[in-house]
Amino acid sequence: MATLTRVCGIVGYVGHRQALDVVLDGLRRLEYRGYDSAGVAMLDGAGGLAVERAAGALSNLEGKLAGQDGSRFTATSGMGHTRWATHGAPTDRNAHPHRDAAGKVAVVHNGIIENFAALRAELETSGVEMASETDTETAAHLVAAAYASGPTAGELTASVCAVARRLEGAFTLLVTHADEPDKIVAARRSSPLVVGVGDGENFLASDVAAFIEHTRDAVELGQDQVVTIDRGGYRVTDFDGAEVQAKPFTVDWDLSAAEKGGHDYFMLKEIEEQPEALENTLRGHFVNGGIVLDEQRMTEQDLRDIDKVFVVACGTAYHSGLLAKYAIEHWCRIPVEVELASEFRYRDPVLGRDTLVVAISQSGETADTLEAVRHARTQRARVLAICNTNGAQIPRESDAVLYTHAGPEIGVAATKTFLAQITANYLVGLALAQARGTKYSDEVAREFEELAAMPQAVRQTLSTVDQVRTLGRELADSKAVLFLGRHVGYPVALEGALKLKELAYMHAEGFAAGELKHGPIALIEDRLPVVVVMPSAKGRALLHSKMLSNIREIQARGARTVVIAEEGDEAVRPFADELIEIPAVATLLQPLVSTVPLQVLAAEIARARGYDVDKPRNLAKSVTVE
Ligand code: G6P
């Protein structure tokens, strides 16, 4: 079977340092993007390319390199790759970089070349022998051919442009040629790529995390563009070779934000960073008494005319989207539908000029969400993106953007960006309410004040971490865990279950507690842990009393009840085998605190079971294919 390259980390460097060190450091920071295999390529000093590749984690590659003659890898330009594939074995042979037959061209790739079967057949007909089963290798042979003869002979940038024009699908390609040393050419379509601009050195990477240690000056590339870097600078063109003006930006977070800061895992650090992430999400979004988005290419009148909202997202972002519905319907009186992005366009949703599609994506590059956005735009709907990654594809293709500014999230399982997304959803709800006049400005200000108090409430919730960790160790041998919630507690229950599945590989399900009696109660057996997210006794008395009945029902059937409840909720205490107290906050805001213990619980159960919580098996942080 062919091996397609899905989500990957890519690093390229041309400068004055040892490229191997720079590239490996960069790959380490991008390992969250994939960890099936890794590889590097650089000039070998004898007119050829030195390449090393290894299946498995980056450490395997480092081990292989350590056992080698160091002089092969002393170049000051080179590139590397970490890969996450879904088809074909992650073997040494399929690992990137891939080369042409002469070993002069090396290519690393993120994405899928959709017409690779035709290209491969064409190459094989012309006598090329393939060394791997990958789509990527076709690009190496095509560049070699374009460089060898014809109108682009001897011109690496022009050769890459010519090849990029022939490729279909999504790709970021980095290409180097032994005959044009100290130069890397990259092409991008629908896959991430940023340039890092240094002093006498330049970088290419999937994500700024790879070069932030060296420079904060970056340049974002547009769709269908090619960039060439050397020591002196960078040059951007379209696929036809016409020069284009690229947009520089300064990265607003530093290296320490991308390091573990004394924690065993990034995820644990990211859980602790949540108060700060919320502060950063709120900052700058409430100015002169009103909600302000980061980018707005639609008018106030467009916002006023919205009569229907769709929220589209995947995974954890989808769970945050479920919460957007509660807030937007309540504040704006507009119907809201929340849909998994992967399902959205295939059922022909009813969209028009007055429909707002809110696309939520941490990475801003999730293919399912991106395609949902594109579909919405073809139907002339407006698109508002909520995103954590500056300049990513989804915000670029949207009419308005609110960035969550939560900083880099390295752990594959989303934590701080989930809380930031919930906050951003509420800001969008308030912006709509403000534009449509369903809330007076003093009401918007009051809601914002409540949001502004949430970082402190989350900080307080973090004091439950030790209790939850102890509980996690006790529950580590359970076969399954169920999660129950009502109203805004329901998406929290879904998220709690997803975290446990992702990290601890344990069967976990989230239910709306009212549904319990319609089926799931049959699952309850002796000592089965059931985590219950309790509504506020004061804010939601009716829901609270219904939830109390649900807890009684499951306890009577032998469940071990773990209850997340507001401090001072004495009514629930007798029914809680374990009670985790969270601060009392407004109803819509409770998910910002009730999620925290569930994140810690999943991480601790996973750790107790011996798993790497930053890199759960089979998962990737961002999935750039449908
Ligand atoms: C992947 C990740 C999830 C994430 C989802 C959506 O599946 O493993 O943690 O929630 O993608 O990612 P996005 O970047 O669009 O928020």
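What counts, and at which threshold
- Counting starts from 1 at the beginning of each chain's written sequence and moves along it residue by residue.
- Local features in a predicted model are, by the rule used here, given only for residues with pLDDT of at least 70; side-chain atom pairs are given and counted only at 80 or more, and totals for whole chains, interfaces and linings are based on all residues.
- With hydrogens and water set aside, each side-chain value is computed from the structure's full complement of heavy atoms.
- A helix here means a DSSP run of H or I that spans at least four residues, while a strand means a run of E at least two residues long, and both kinds are numbered starting from the N terminus.
- Each residue is placed in one exposure class: buried if its accessible area under a 1.4 Å probe, protein chains only, is under 20% of its type's maximum, exposed if it is over 50%, and partly exposed if it falls in between.
- Think of it this way: Lys and Arg go in the positive column, Asp and Glu in the negative one, and His and the chain ends go nowhere.
- By convention, the point assigned to a charge is CZ for Arg, NZ for Lys, CD for Glu and CG for Asp.
- A carboxyl oxygen of Asp or Glu within 4 Å of a side-chain nitrogen of Lys or Arg is what we treat as a salt bridge.
- Two strands qualify as a pair provided DSSP detects at least 2 bridges between them.
- Pairs of N or O atoms within 3.5 Å make up the polar contacts considered here, provided that, within protein, one atom can donate a hydrogen while the other can accept it, and that residues adjacent in sequence are counted only when both atoms are side-chain atoms.
- Any pair of residues with heavy atoms lying within 4.5 Å of one another is described as a contacting pair.
- Working definition: residue near molecule or strand if any one of its non-hydrogen atoms lies within 4 Å of it.
- Reported accessibility uses the Shrake-Rupley method at a 1.4 Å probe radius. Residues are deemed covered only where the shown protein chains occlude them.
- Boundaries of every domain are those given by an automatic assignment or by a domain database.
- Put simply, buried area is the surface a 1.4 Å probe can reach on two separate parts but cannot reach once they are joined, added for both.
- Helix axes are fitted to C-alpha atoms over the stretch in contact, other axes to C-alpha atoms as well, and angles between N-to-C directions run from 0 to 180 degrees.

Q: Help me understand the overall build of the protein chain in this model?
A: Of regular secondary structure, the protein chain possesses 19 helices and 27 strands. Overall, the protein chain is about 80 × 55 × 45 Å in size when its C-alpha atoms are taken along their principal axes. Every one of the 626 residues in the protein chain was classed for burial, and the buried ones make up 62%. The averaged location of the 86 negative side-chain charges in the protein chain is 3 Å from the averaged location of its 63 positive side-chain charges.

Q: Any chance you could explain the pattern of salt bridges here in plain terms?
A: Side-chain pairs of opposite charge can arise where the charged atoms are in close proximity. Counted according to the given criterion, the structure contains 39 salt bridges. The salt bridge partner of Arg459 is Glu279, with a shortest N-O separation of 3.0 Å. With Arg459 in helix H15 (residues 454-461) and Glu279 in helix H7 (residues 274-282), the pair connects residues that are 180 residues apart, well separated along the chain. A salt bridge links Lys479 to Glu525, with the nearest nitrogen and oxygen atoms 3.9 Å apart. Residue Lys479 is found in the loop between helix H16 (465-475) and strand E23 (480-485), and its partner Glu525 is found in the loop between strand E24 (507-512) and strand E25 (529-533); the two are separated by 46 residues along the sequence. Judged by its relative accessible area of 43%, Glu525 falls in the partly exposed class. In this structure, a network of salt bridges that share partners links the residues Asp264, Arg469, Arg473, Glu604 and Arg607.

Q: For this particular structure, what's the right way to read the sheet that holds strand E12 (residues 225-229)?
A: As a general point, the strands of a sheet are linked pairwise by backbone hydrogen bonds and lie either parallel or antiparallel. As summarised here, the arrangement of the 6 strands in space is E5-E6-E7-E8-E12-E13, forming an open sheet in which the pairing is antiparallel. Here the strands that pair on one side only, and so sit at the sheet edges, are strand E5 (98-99) and strand E13 (234-238). The pairing of strand E8 (residues 184-189) with E12 spans 5 bridges and is antiparallel. The residue bridging Ala187 from the neighbouring strand is Val226, located in E12.

Q: Explain the side chain of Glu409 here, please?
A: Secondary-structure assignment places Glu409 in the loop between strand E22 (400-403) and helix H13 (416-436). Overall, the relative accessible area of 4% leaves Glu409 in the buried class. Here the side chain of Glu409 touches Thr417 through a polar contact of 2.8 Å, side chain to side chain. Looking at Glu409, its side chain comes within polar contact range of the side chain of Lys621, at 2.6 Å. Apart from residues no more than four positions distant in its own chain, Glu409 is found in contact with Glu270, Gln362, Ala414, Thr415, Lys416, Thr417 and Lys621.

Q: Can you walk me through the site of the ligand in this structure?
A: Near the ligand there are 14 residues, and of these Thr316, Ser361, Gln362, Ser363 and Thr366 occur at the shortest range. Contact distances for the ligand include 3.5 Å between an oxygen atom and a backbone N or O atom of Val412. Its free accessible area being 390 Å², the ligand has 89% of it covered by the protein chains. Looking at the shell around the ligand, the element that brings in the most residues is helix H9 (residues 315-332), giving 3 residues.

Q: Explain the domain arrangement of the protein chain here, please?
A: Taken domain by domain, the protein chain comprises domain 1 (5-257), domain 2 (262-452) and domain 3 (462-608). Relative to domain 2, the C-alpha centre of domain 1 lies at a distance of 33 Å. The partner domain 2 presents 12 residues to the 15 residues of domain 1 that form the contact. Together, the buried faces of domain 1 and domain 2 total about 1,100 Å²; carbon and sulfur atoms form 46% of this surface.

Q: Can you help me understand the side chain of Glu502 in this one?
A: Here Glu502 lies in helix H17 (residues 489-504). Among the residues examined, Glu502 registers a relative accessible area of 15% and is labelled buried. In this structure the side chain of Glu502 is engaged in a polar contact, spanning 3.0 Å, whose partner is the side chain of Lys499. Beyond its immediate sequence surroundings of up to four residues, Glu502 is in contact with Ala413, Pro616 and Leu619.

Q: Got a minute to help me understand the sheet that holds E25 in this structure?
A: Pairing is parallel across the open sheet formed by 5 strands, whose spatial order is E24-E23-E25-E26-E27. The open sheet has two free edges, formed respectively by E24 and strand E27 (578-582), since each of these has just one partner strand. The average angle at which neighbouring strand axes cross in this sheet is 15 degrees, direction not considered. Examined bridge by bridge, E23 and E24 share 6 bridges and lie parallel to one another.

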